[in-house]
Amino acid sequence: MTEDTIAGLAGAVRTGARTATEICQRALAQLDATEPSLHAFNTVAADRALARAAAIDRHPARWKQAPLAGVPIALKDNLCTRGLRTTASSRILDTFVPPYDATVVERLEAAGAVVVGKTNCDEFAMGSSNENSAYGPARNPWALDRTPGGSSGGSAAAGAAGIAPAARGSDTGGSIPQPAAICGVVGLKPTYGRVSRYGLIAFASSLDQIGPFTRTVRDAALVLSAIAGHDPMDATSEAEPVPPYADALTGDVRGARIGVPRGLVGAGVDREVAQAFDEALASLADRGARLVDVELPHAPYAIPVYYLVATAEASSNLARYDGVRYGMRTPPAAGAGPDLPAMYASTRAQGFGPEVKRRIMLGTYVLSAGYYDAYYLKAQQVRTLILRDYDRAFERVDAVAMPTTPTPAFRLGEHAADPLQMYLGDVFTVSANLAGLPALSVPCGFTAGGLPIGLQLIGRRHDESTLLRVADAYERGTAWWTHRPPIATR
Ligand code: GLN
């Protein structure tokens, strides 16, 4: 299975067994073949990718140590790429071409990666289904009538469909683990501060992080090593040293203590998801891990807290799209007068989609005088209680396990008219963001109908290594990651 793993492809390029150009051509051919049904990309960068691959092939000696040599990579369309259109799937940024690269993009390219395109996502990363994209939803490679998840749906779909063995997503409230789980790939959201956010189009700055989608846990470790570490351009990026993550993959989980919050994973979880979760726990226990019951008493409040904090920060972050500084500007509506506020109003009315508007309004409301204490401040206080629950759990366990999502991929349109139902689906993912903790989703089975299911592990701050070690040991004992959707083999 070296064909579509990073470890396999980069190894082949380093030894000269394959050229970066042939790998890039293959990725682009797969992209072309699947794009009409998946719609995973907003922008394809074929010429840029081939030029870059050719440059790598011209100087093989330079890339002998490069961990991602010649590896095709898909970037979520909210990561700035110099000279390459970056829209965050919003009309308001439809023509925006950034003058600089995000730090992660620089680091990935320095490690040898070849950017093949920018992936579809929910507008400004707000959503759980990709249906909030101004360009229409990406689709799930396992069932084209279903969502690939969100907001990084295109990245997860591109990974699952075998287009790029590495895709990059951003995560504010589960946008990496959730689509990874329902597309059957590995997704890792690092600790807040572990990876620089410089050049990531901001949604909610105290929650946003960038992380990889990959086929295997080992590949996630390779990518994290390439992108983690301090960046002077992001004041929240931490100086904590970056451990050699691949060294953590010993295959051994004996003695690892895995916390199971039984109280949380009861009601509301799909029967097949619950069964796959129990089987994954049993498999970890068979391998020598110890299962320990833990309590996260404030976890049930994570959804309301998240949707207060995230909308508040979004309303502030999105104030910058005013028709003056970025992309689109529309003239004032007829009769509105030729003044500046009328131009702002018409640009924002036409540039933002309905979900983004809903969140700006909610966020403005919870920050407004008279309501700030009742909503925003209260949410921040409960956020601290959620964090303390995890601190207490981590006195007794090394990682906390839960299903990544309460259900498998739902049908496109199924929750479209009911935003609350959509928000409730984030029940297992948002608390890791609120607490700033790393979270990883690894494939742990399929429903009878063939839809992927994910196991989520949440770890201590800066302890991605334990998550990677446990998930890798689990993955070695299963064959879930070797399954491919039919569309991947075309
Ligand atoms: N689904 C969540 C939301 O709609 C999380 C999105 C994200 O992590 N970017 O806000």
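Residues numbered from 1 in each chain as written. Predicted model: local features only at pLDDT ≥ 70, side-chain atom pairs only at ≥ 80, totals over all residues. Heavy atoms only, no water.

Chemist: I tried to follow the sheet that holds strand β6 (residues 209–214) on my own but got confused; where do I start?
Modeler: Sheet strands pair by backbone hydrogen bonding; their relative direction is either parallel or antiparallel. Taken in spatial order, the 11 strands of this open sheet run β1-β3-β2-β4-β6-β5-β10-β11-β9-β7-β8, and their pairing is mixed. The strands lining the two open edges of the sheet, one partner per strand, are β1 (41–44) and β8 (290–293). For this sheet, the mean angle separating the axes of adjacent strands, direction not counted, is 30°. Sheet topology note: the strand β2 (residues 72–76)/strand β3 (residues 114–119) ladder contains five bridges and is parallel. (Pairing = 2+ DSSP bridges. Helix = DSSP H or I, 4+ residues; strand = E, 2+ residues; numbered from the N terminus. Axes fitted to C-alpha atoms, helices over the stretch in contact; angles between N-to-C directions.)

Chemist: Could you clarify how one ought to interpret the packing of aromatic side chains in this entry?
Modeler: By convention here, two paired aromatic rings are described through the distance between centres and the angle between planes. Scanning the model with the defined rule gives 15 aromatic pairs in all. The structure contains a cluster of three or more aromatic residues connected by ring pairs, namely F96, F124, Y321, Y326 and F352. (Phe/Tyr/Trp six-rings, centres within 6.5 Å; stacked < 30°, edge-to-face > 60°.)

Chemist: Teacher, can you tell me more about the side chain of S315 here?
Modeler: Relative to the helices and strands, S315 resides in helix α9 (residues 302–317). S315 sits in the buried class, given a relative accessible area of 11%. Residue contacts for S315: discarding those within four places in its chain leaves I360, G363, T364 and L367. (Buried < 20%, exposed > 50% of the residue type's maximum accessible area, 1.4 Å probe, protein only. Contact = heavy atoms within 4.5 Å.)

Chemist: Sorry if this is basic, but what is going on with the site of the ligand here?
Modeler: Looking at the ligand, there are 15 residues lining it, with S128, G173, S175, Y306 and R359 nearest. S151 has a polar side-chain atom sitting 3.2 Å from a nitrogen atom of the ligand. For the ligand, an oxygen atom lies 3.4 Å from a polar atom in the backbone of G174. Isolated, the ligand exposes 290 Å² of accessible area, and the fraction of that covered by the protein chains is 99%. Its atoms largely coinciding with the cavity grid, the ligand occupies the largest cavity. (Near = heavy atom within 4 Å. Polar contact = N/O pair within 3.5 Å; in protein donor to acceptor, adjacent residues only side chain to side chain. Areas by Shrake-Rupley, 256 points an atom, 1.4 Å probe, with all protein chains shown as cover. 1 Å grid on protein atoms, 1.4 Å probe; cavity = no way out; pocket = protein on both sides within 12 Å on 5 of 7 lines; lining within 4 Å. Sits in = over half its atoms within 2 Å of the grid points.)

Chemist: I keep staring at helix α4 (residues 103–110) and nothing clicks. Help me out?
Modeler: An α-helix turns once per 3.6 residues; consequently, residues spaced three or four apart project the same way. Taken together, the buried positions of α4 are T103, V104, V105, L108 and E109. Along its buried surface, α4 packs onto α3 (46–58), β2, β3, β4 (166–171), β6 and α7 (217–227). Immediately beyond the C-terminal end of α4, within one or two residues, lies G112, with a positive phi of roughly 105°.

Chemist: Would you take a moment to explain α7 for this structure?
Modeler: Among the 11 residues that make up α7, nine are buried, leaving the element largely enclosed by the rest of the structure. Those residues of α7 not exposed but buried are V217, D219, A220, A221, L222, V223, L224, A226 and I227. A positive backbone phi angle near 120° is found at G229, which sits one or two residues after α7.

Chemist: Help me understand the pairing of β8, please; the structure alone is not making it clear to me.
Modeler: Every regular strand shows the same layout, with side chains that alternate between the two sheet faces. Relative to β8, strand β7 (residues 257–260) runs parallel, the two being bridged by four bridges. What sits directly across from R257, in β8, is R290. Crossover handedness for the path β7 to helix α8 (residues 271–286) to β8: right-handed. (Right-handed = clockwise from strand over helix to strand, strands pointing away.)

Chemist: Just checking my understanding: could you explain empty space enclosed by the protein for this structure?
Modeler: Empty space left among the atoms is revealed by rolling a probe the size of a water molecule over them. Tallying each qualifying case throughout the model produces three cavities of 30 Å³ or more. What the largest cavity holds in volume is close to 90 Å³. In terms of lining residues, the largest cavity is bounded by 16 residues, among which G127, G173, S175, Y306 and D426 are the most central. Tallied by class, the residues present in the lining of the largest cavity amount to five nonpolar, nine polar and two charged. (Points joined across faces, edges and corners; volume = space filled by probe spheres on them. Nonpolar A, V, L, I, M, F, W, Y, C, P; charged D, E, K, R; others polar.)

Chemist: Whenever I open this one, the packing of helix α2 (residues 20–38) against α3 confuses me. Can you help?
Modeler: For any two helices packed against each other, one specifies the inter-axial angle together with the distance between the axes. The geometry of α2 relative to α3 is characterised by a closest axis approach of 8 Å and an angle of 160° between their N-to-C directions. By the angle class used here, α2 and α3 are roughly antiparallel. The handedness of the crossing between α2 and α3 is right-handed. Taking contact as the criterion, the partners of A20, T21, C24, Q25 and L28 in α2 are, on α3, A46, A49, L50, A53, A54, I56 and D57. For the contact of α2 with α3, the per-class residue count stands at nine nonpolar, two polar and one charged. (Parallel < 35°, antiparallel > 145°, perpendicular 65-115°, else oblique. Left-handed = near helix turned anticlockwise from the far one by under 90°.)

Chemist: Would you mind going over the layout of surface pockets with me for this structure?
Modeler: Quantified by volume, the largest pocket comes out at close to 340 Å³. As for the largest pocket, its lining consists of 23 residues, of which P406, T407, H415, L424 and G425 are closest to the centre. Of all the elements in the fold, those that place two or more residues in the lining of the largest pocket are α6 (177–183) and α13 (419–424). Its residues placed into classes, the lining of the largest pocket shows 12 nonpolar, eight polar and three charged.

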